[in-house]
Amino acid sequence: MTEFTNYIQDIQTNIKRGGERSHYPSLKRLIEGLMIGINARIEEKGNQEGIPDFTIRKNDRVLGYIEAKDINVDLAKTEKTEQLKRYLESNIGYNLILTNYLEFRWYVDGECEKTAKLADLEQGEIILVDDLEPITELLESFLNQKAKDINNYYDLAKEMAAYTKTIRNAIFSTLDIEANTEELNLLKETFKQILILDIDNQSFADMYAQTIAYGLFTAKIGHAQNPGQFAFNRTTASIYISDRIPFLKGLFDIVIATDGVSKIHKSIENLVELLNTVDMTNILETFGQETRTEDPVIHFYETFLAAYQSSLRKNRGVYYTPEPVVNFIVRSVNDSFR
């Protein structure tokens, strides 16, 4: 295929420059040239944490991600890293390619579905493989992967849980690279003083990600009930959180108001996009009818927490939801909806 030949020629030309990012434009052109309507966005690592190098969209809807490593990297070893494990247990693992530009590994729902090589590196020369059918099938399967349909509250809970893990990963990564005087670390110190004295980075990232997700979920409900003049997005969401939940509203405003948290905006916007694809009013009504609960808002969040925690316990067993925070949030929201 001409696309593969041009791609390899580009990689060969760029290989002297070194570093995985020098090949980004070549991979972008390859992916976009394989199918009409595909956009491969290169993510800026300096501004975004917790997400792979490329976000792939088809007709303006996210269909998957690509994580690119340097051309000499052993992907079998990369599979075992904490970074990739975090990707695979989040929504990113639904449709992900890991590549060193020559070998491609495709993951579906966190499991490796296919592996194929496009070329080999021999004494500094990139040699195209003889049989291009496996790599062609892998890339076409990746690009033809359909977005998950959300038809009920259980599907929504599972998807929200997966997206929340991406936010958690972004927060954790940001805490790791931030100075102690920057926004997220300062916020963590505030949590330590007010709520939990011995909270560490993992626990804080887990707790704050859930707070963000609950804030967005609550705001989307408010928007569904009273759309008003503003579209629902990351910057308008706090408008739809009740003033009677000052704890939640105050924390959520920090996501919007501080420069430091811009590193996690992309992962938050992905969850906003998810919430905008569902009929929230219908889902809540169906949930209330099926569960016979007087307050589906509160009990749906319990369903979300079950989806979020159970998979974590199964895969890693290390994250938890601090009970004081969850109880406080639930009591606050319960009061506001009476």
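Right above here is the structure, for reference.
Before going into details, it helps to say that this report is about the structure given with it. Small disclaimer: the values here were computed from a predicted structure and weren't measured.

**Here we look at the sheet that holds strand 6 (residues 111-117)**
Read from one edge to the other, the open sheet built from six strands follows the order 1-2-3-4-5-6, with strand pairing classed as mixed. Looking at the sheet topology across the chains shown, the edges are occupied by strand 1 (38-42) and strand 6. Sheet twist, expressed as the mean angle between neighbouring strand axes with direction ignored, is 20°. The pairing of strand 4 (residues 95-99) with strand 5 (residues 103-108) spans five bridges and is classified as antiparallel. From the neighbouring strand, Asn95 faces strand 5, where its bridge partner is Val108. Its contacts with the sheet place helix 2 (residues 24-33) against strand 1, strand 2 (54-58), strand 3 (61-68), strand 4 and strand 5, and it is angled at close to 165° to strand 1.

**Some remarks on helix 1 (residues 2-14)**
An ideal rise of 1.5 Å per residue puts 18 Å on 13 residues; helix 1 measures up with 18 Å between its terminal C-alpha atoms. Restricting attention to buried positions, one finds in helix 1 the residues Phe4, Tyr7, Ile8, Ile11 and Asn14. Mapping the buried residues of helix 1 onto a view down its axis gives an arc of 130°, with all of them on the same face. Facing away from the buried surface of helix 1 by more than 90 degrees, the exposed residues are Thr2 and Thr13. Against helix 2, strand 5, strand 7 (119-122), strand 8 (125-128) and helix 5 (133-143) lie the buried residues of helix 1.

**Focus: unusual backbone geometry**
Phi at Asp109 is positive, roughly 50°, even though this residue is not glycine. Mapped onto the secondary structure, Asp109 falls in the loop between strand 5 and strand 6.

**Some words on the pattern of salt bridges**
Close approach of charged atoms allows side chains with opposite charge to pair. Counted according to the given criterion, the structure contains 11 salt bridges. Where Arg41 meets Glu43, a salt bridge forms, and the shortest distance between an N and an O atom there is 3.4 Å. Here Arg168 ties to Glu89 by a salt bridge, and the two come within 2.4 Å at their closest N and O atoms. Within this pair, whereas Arg168 is found in helix 6 (residues 153-177), its partner Glu89 is found in helix 4 (residues 82-89), the two being separated by 79 residues in sequence. Each of Glu79, Glu103 and Arg105 takes part in salt bridges that share partners, so that together they form one network.

**Notes on the pairing of strand 7**
Pairing analysis gives four bridges linking strand 7 to strand 8, with the strands arranged antiparallel. Paired with Asp120 across the strands is Ile127, a residue of strand 8. If you look at the hairpin formed by strand 7 and strand 8, you'll find two residues sitting between the two strands, and Gln123 has a positive phi there, around 50°.

**A short note on the packing of helix 6 against helix 10 (residues 265-276)**
For the pair helix 6 and helix 10, interaxial distance at closest approach is 8 Å and the crossing angle is 170°. Looking at the two axes, helix 6 sits roughly antiparallel to helix 10. The handedness of the crossing between helix 6 and helix 10 is left-handed. Mapping the contact onto sequence places Leu156, Glu159, Met160, Tyr163, Thr166, Ile167 and Ala170 in helix 6 and Ser267, Ile268, Asn270, Leu271, Leu274 and Leu275 in helix 10. Broken down by class, the residue content of the contact of helix 6 with helix 10 amounts to nine nonpolar, three polar and one charged.

**Examining a negative patch on the surface**
Among the surface-exposed residues, Asp130, Asp131, Glu133, Glu137 and Glu140 lie close enough to one another that they form a single negatively charged patch. In this fold, Glu140 is placed in helix 5. A relative accessible area of 43% places Glu140 in the partly exposed class.

**Here we look at the pairing of strand 6**
Note that strand 5 and strand 6 share six bridges and pair antiparallel. If you follow Glu103 over to strand 6, its bridge partner there is Lys117. Between strand 5 and the antiparallel strand that follows it, strand 6, lie two residues; Asp109 among them carries a positive phi value of about 50°.

**A short note on the packing of helix 4 against helix 6**
Between helix 4 and helix 6, whose axes approach to 8 Å, the crossing angle comes to 155°. Judged on the interaxial angle alone, helix 6 and helix 4 are roughly antiparallel. Crossing geometry of helix 4 relative to helix 6 is assigned as left-handed. Only Lys165, Arg168, Asn169, Phe172 and Ser173 of helix 6 make contact with helix 4, whose side of the interface consists of Arg86, Tyr87 and Glu89. Grouping the amino acids of the contact of helix 4 with helix 6 by side-chain chemistry returns two nonpolar, two polar and four charged.

**With respect to the nonpolar core**
The nonpolar side chains of a soluble globular protein tend to be buried, and buried together. If you look at the biggest cluster of nonpolar residues, it comprises 51 residues, and the most contacted ones within it are Ile171, Phe204 and Leu216. When residues of this core are traced back to their parent elements, those giving at least two are helix 6, helix 7 (183-194), helix 8 (201-225), helix 9 (246-257), helix 10, helix 11 (280-291) and helix 12 (296-315). Considering every element that reaches this core, the biggest residue donor is helix 8, with 12 residues. Contacts of Leu216, omitting those with residues within four sequence positions, involve Phe232, Ala237, Phe252, Ile268, Leu271, Val272 and Leu275. Core analysis: the second largest hydrophobic core is formed by 34 residues, Phe54, Leu118, Ile126 and Leu138 among them.

Thresholds applied
- Counting restarts for each chain, with residues numbered from 1 along the sequence as it is written.
- Where local features are concerned, this predicted model is filtered to residues with pLDDT of at least 70; where side-chain atom pairs are given and counted, the filter is 80 or more; whole-chain, interface and lining totals use all residues.
- Side-chain metrics in this entry use all non-hydrogen atoms of the structure; hydrogen atoms and water are not considered.
- When DSSP finds two or more bridges between two strands, those strands count as paired.
- Numbering of helices and strands starts at the N terminus; helices are DSSP runs of H or I of at least 4 residues and strands are runs of E of at least 2.
- Axis lines are fitted through C-alpha atoms, for helices just across the contact stretch, and the angle between N-to-C directions can take any value from 0 to 180 degrees.
- The contact criterion used throughout is that any non-hydrogen atoms of two residues lie within 4.5 Å.
- The length a helix should cover is 1.5 Å for every residue beyond the first.
- The buried label goes to any residue with under 20% of its type's maximum accessible area, the exposed label to any with over 50%, and the partly exposed label to all in between, with areas taken from a 1.4 Å probe on protein chains only.
- Summarising the geometry, the arc corresponds to the directions from the helix axis toward the C-beta atoms.
- We define a salt bridge as a side-chain nitrogen of Lys or Arg found within 4 Å of a carboxyl oxygen belonging to Asp or Glu.
- Small angles under 35 degrees read as roughly parallel and large ones over 145 as roughly antiparallel, with 65 to 115 read as roughly perpendicular and the rest as oblique.
- Here a crossing is called left-handed whenever its near helix is offset anticlockwise from the far helix by less than a right angle, and right-handed whenever the offset is clockwise.
- Think of it as three bins: nonpolar holds Ala, Val, Leu, Ile, Met, Phe, Trp, Tyr, Cys and Pro, charged holds Asp, Glu, Lys and Arg, and polar takes everything else, Gly as well.
- Nonpolar side chains (Val, Leu, Ile, Met, Phe, Trp, Tyr) within 5 Å and like charges within 9 Å form the patches, drawn only from residues with over 30% relative accessible area and no salt bridge.
- The accessible surface values rely on the Shrake-Rupley method and a 1.4 Å probe; as for residues, cover is taken only from the protein chains in view.
- Charge counting follows a simple rule: Lys and Arg are positive, Asp and Glu are negative, and His as well as the terminal groups are ignored.
- Charged groups are reduced to one reference atom each: NZ for lysine, CZ for arginine, CG for aspartic acid, CD for glutamic acid.
- The criterion is simple. A nonpolar core is a set of buried Ala, Val, Leu, Ile, Met, Phe, Trp, Tyr and Cys residues joined through side-chain atoms within 4.5 Å.

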